[in-house]
Amino acid sequence: MKKIFAIMISLILIVSMVGCKRGSLGMKNPLLPSHIDGDTSTLSDFQKNMHQSHVRNILYACETDDGIYFQWEAYVYYLEKESKNATVLCGKPDCVHWGDDCNARLQARGLWVYDGRLYYSNRNYVEENGTYVNRGNRIYSVKPDGTDRRVVQALDFVPGGNTETSRTDPILHQGVTYFTYSGVLYALPLGGDIEDAERIWGEESEDPGMFFNTTAPHYTLWADGDTIYFMVNIGQPDGTDKDTLYRFNAASKEVKEIWKTPDADEVGQWETTGVSVSQWYVMGGYIYFYLSGNDFWRASLETGETEKLADTHEKTEYGNAVFSDDYLCLLNDTPRTAAAVGYDDLTGYTGGNTLYIYGLDGGFVKALSLKTLYEEYENLNHIQLAFCSGDDVYFLANATAYGQSGNAENGWAGGEQAVRNEILCCVNIKTEEITQIYNWVL
Ligand SMILES: [Zn+2]
């Protein structure tokens, strides 16, 4: 109890320090985008490259022609692609950008730009007339500057149920929301009533209560052009589980299983006995996949034929990757050893100082060194890949100084001596210039 109290006190201190710090810095009310410039027609499609992040604190992002919206912790930021200026999505005068009153605090579980507004899903309790009410998982939208928050639709068949502890993981695609609920995939026109949601795949429970089944299969939703895909990890007769990809044809309503993780004897030695690919990307009738420790592959979704595109193990034995429509970006971070388990960012990986860039045809483009960041930040312990946009690769450098009383289990640096320091950076593949974009020091 004493310990919990001490942790609470230190949390309160940290939060209030942050408040003072940001307030005293007088963060300028940013030049927030009042509209989205340029052609937004392509933005109604799923942005594959924005769904590649491995950064625990930056899982959600979307982009326009000129900028990128991303969420760090519960707060959404807007980043200008050209200038690399990032600013919290809140223009409120005197706001310290910490707490429920901040416009930027969206606590999103997914971010999408569609038809001139920013959409997000949120599964938290909402404040209504001074009290907190559980409205379940819903889609909201705001203007591009973070104002004018509106409820768009419910994604919860049982408002007040248990989805705030589970995942509907929706995607927004061409004006339709796709989401999963208790192992069933649904489609619902944006703004439509959830009672009109159309079942696409999976068996609905006969229990009319339909509380969210937290043990139901989890779907990772994807889209390429007009086609919807979803990946499910499915138990096999031999007792293993395999990533299995399905394709949904919105015109014919047909769902078809089109790919499964290949067996080890087809693609060589696996890093572990696991049968999930490390990272994957579906585009133009192919699934591209990277296996940590075992190279870069693609498989035709028509013929099922698998081919190796590059021997990435010649550059790095391990690593994490992000894809874009043009590149595979591979960082040489390594799995933690038992001896190295300490106060880290709980990703299971550590280090990482070189990016290897490949074309999607497997051709090696170049290696980009990130070593100067390690020289600048002596506490830098892990670089995590976020996403690739155009020729820019975004990543988070974790330079947190973990205190002696740090706590690796709860994900919080913890302890009086810990200083959490996470720096959003970008490296340009063509110019090789590294830009430090935003530095969160708590
Ligand atoms: Zn604010």
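Residues numbered from 1 in each chain as written. Predicted model: local features only at pLDDT ≥ 70, side-chain atom pairs only at ≥ 80, totals over all residues.

**Some remarks on the overall build of the protein chain**
Line of reasoning, step 1. A tally of helices and strands in the protein chain yields three helices and 32 strands.
Line of reasoning, step 2. Expressed as a percentage of its 442 residues, the buried residues of the protein chain come to 38%. (Helix = DSSP H or I, 4+ residues; strand = E, 2+ residues; numbered from the N terminus. Buried ≥ 20, exposed ≤ 12 C-beta atoms within 10 Å, placed from the backbone.)

**So, the sheet that holds strand β9 (residues 138–142)**
Line of reasoning, step 1. Strand order in the open sheet formed by four strands is β5-β6-β9-β10, with antiparallel pairing between adjacent strands. If you trace the sheet from one side to the other, it starts and ends with β5 (111–114) and β10 (150–154), each paired once. Put simply, the sheet's adjacent strands are angled 30° from each other on average, direction ignored.
Line of reasoning, step 2. Pairing of strand β6 (residues 117–122) with β9, which is carried by five bridges, proceeds in the antiparallel orientation. Residue pairing across strands places Asn122 opposite Arg138, the latter belonging to β9. (Pairing = 2+ DSSP bridges. Axes fitted to C-alpha atoms, helices over the stretch in contact; angles between N-to-C directions.)

**Observations concerning the environment of Leu245**
Line of reasoning, step 1. Tracing the backbone through its elements, the reader meets Leu245 in strand β17 (residues 241–249).
Line of reasoning, step 2. Residue classification places Leu245 among the buried positions, given that 21 C-beta atoms sit within 10 Å.
Line of reasoning, step 3. Residues Leu245 and Trp222, spaced 23 residues apart in sequence, show a C-alpha to C-alpha distance of 10.0 Å.
Line of reasoning, step 4. Those residues in contact with Leu245 that sit more than four places away from it in its chain are Tyr229, Met231, Ile258, Trp259 and Ile287. (Contact = placed C-beta atoms within 7 Å.)

**Details of the pairing of β9**
Line of reasoning, step 1. Strand direction decides the pairing type here: β9 and β10, joined by four bridges, are antiparallel. Each residue of the ladder has a partner; that of Tyr140, found in β10, is Val151.

**Here's the deal with the nonpolar core**
Note that soluble globular proteins tend to have their nonpolar side chains buried in a common cluster.
Line of reasoning, step 1. Counting residues in hydrophobic clusters, the biggest one holds 100 residues, and the most contacted among them are Ala61, Ile287 and Cys329.
Line of reasoning, step 2. Sequence-distant contacts of Cys329, defined by excluding residues within four places in its chain, comprise Ala321, Val322, Leu355, Ile357, Leu385, Cys388 and Val393. (Core = buried A, V, L, I, M, F, W, Y, C linked by C-beta atoms within 7 Å.)

**Topic: unusual backbone geometry**
Line of reasoning, step 1. Not every positive phi belongs to a glycine, and Lys84 is a case in point at roughly 65°.
Line of reasoning, step 2. Within the secondary structure layout, Lys84 lies in the loop between β3 (75–80) and β4 (86–88).
Line of reasoning, step 3. On the neighbour-count criterion, Lys84 (18 C-beta atoms within 10 Å) is partly exposed.
Line of reasoning, step 4. Phi at Asp169 takes a positive value of approximately 40°, unusual for a residue other than glycine.
Line of reasoning, step 5. If you trace the backbone, Asp169 turns up in the loop between β10 and β11 (171–173).

**Some points on the pairing of strand β28 (residues 364–369)**
Line of reasoning, step 1. As paired elements, strand β27 (residues 354–359) and β28 share five bridges and run antiparallel to each other. Bridging across to β28, Tyr356 finds its partner in Ala367.
Line of reasoning, step 2. Where β27 folds back on β28, the antiparallel hairpin that results is connected by four residues, among which Gly362 adopts a positive phi of roughly 95°.

**Comments concerning the confidence of the model for the protein chain**
Line of reasoning, step 1. In the predicted model, the protein chain carries a mean pLDDT of 83, and the fraction of residues at 70 or more is 81%.
Line of reasoning, step 2. Confidence over residues 1–30 falls short of pLDDT 50; this stretch has 18 contacts with residues more than four positions distant or in other chains.
Line of reasoning, step 3. Within the model, the stretch residues 405–416 combines pLDDT values under 50 with 26 contacts to residues more than four positions away or in other chains. (pLDDT = per-residue confidence, 0-100.)

**Overview of the sheet that holds strand β19 (residues 279–283)**
Line of reasoning, step 1. With antiparallel pairing, four strands are arranged side by side in an open sheet as β19-β20-β21-β22. Pairing within the sheet leaves two strands with one partner each, and these edge strands are β19 and β22 (306–310). Strand-to-strand twist of the sheet, defined as the mean angle between neighbouring strand axes without regard to direction, takes the value 25°.
Line of reasoning, step 2. Both strand β20 (residues 286–290) and strand β21 (residues 296–300) contribute to a ladder of five bridges, which runs antiparallel. Directly across from Ile287, in β21, lies its bridge partner Ala299.

**With respect to the environment of Gly284**
Line of reasoning, step 1. Considering the arrangement of structural elements, one finds Gly284 in the loop between β19 and β20.
Line of reasoning, step 2. For the pair formed by Gly284 and Ser300, sequence separation is 16 residues and the distance between their alpha carbons is 9.3 Å.

**Points about the environment of Tyr229**
Line of reasoning, step 1. Along the chain, Tyr229 turns up in strand β16 (residues 227–235).
Line of reasoning, step 2. For Tyr229, a count of 20 C-beta atoms within 10 Å gives the class buried.
Line of reasoning, step 3. In this structure the C-alpha to C-alpha distance between Tyr229 and Tyr246, which are 17 residues apart in sequence, comes to 5.5 Å.
Line of reasoning, step 4. In this view, Tyr229 contacts Trp222, Ala223, Asp224, Leu245, Tyr246, Arg247 and Val282; residues no more than four positions away in its chain are not counted.

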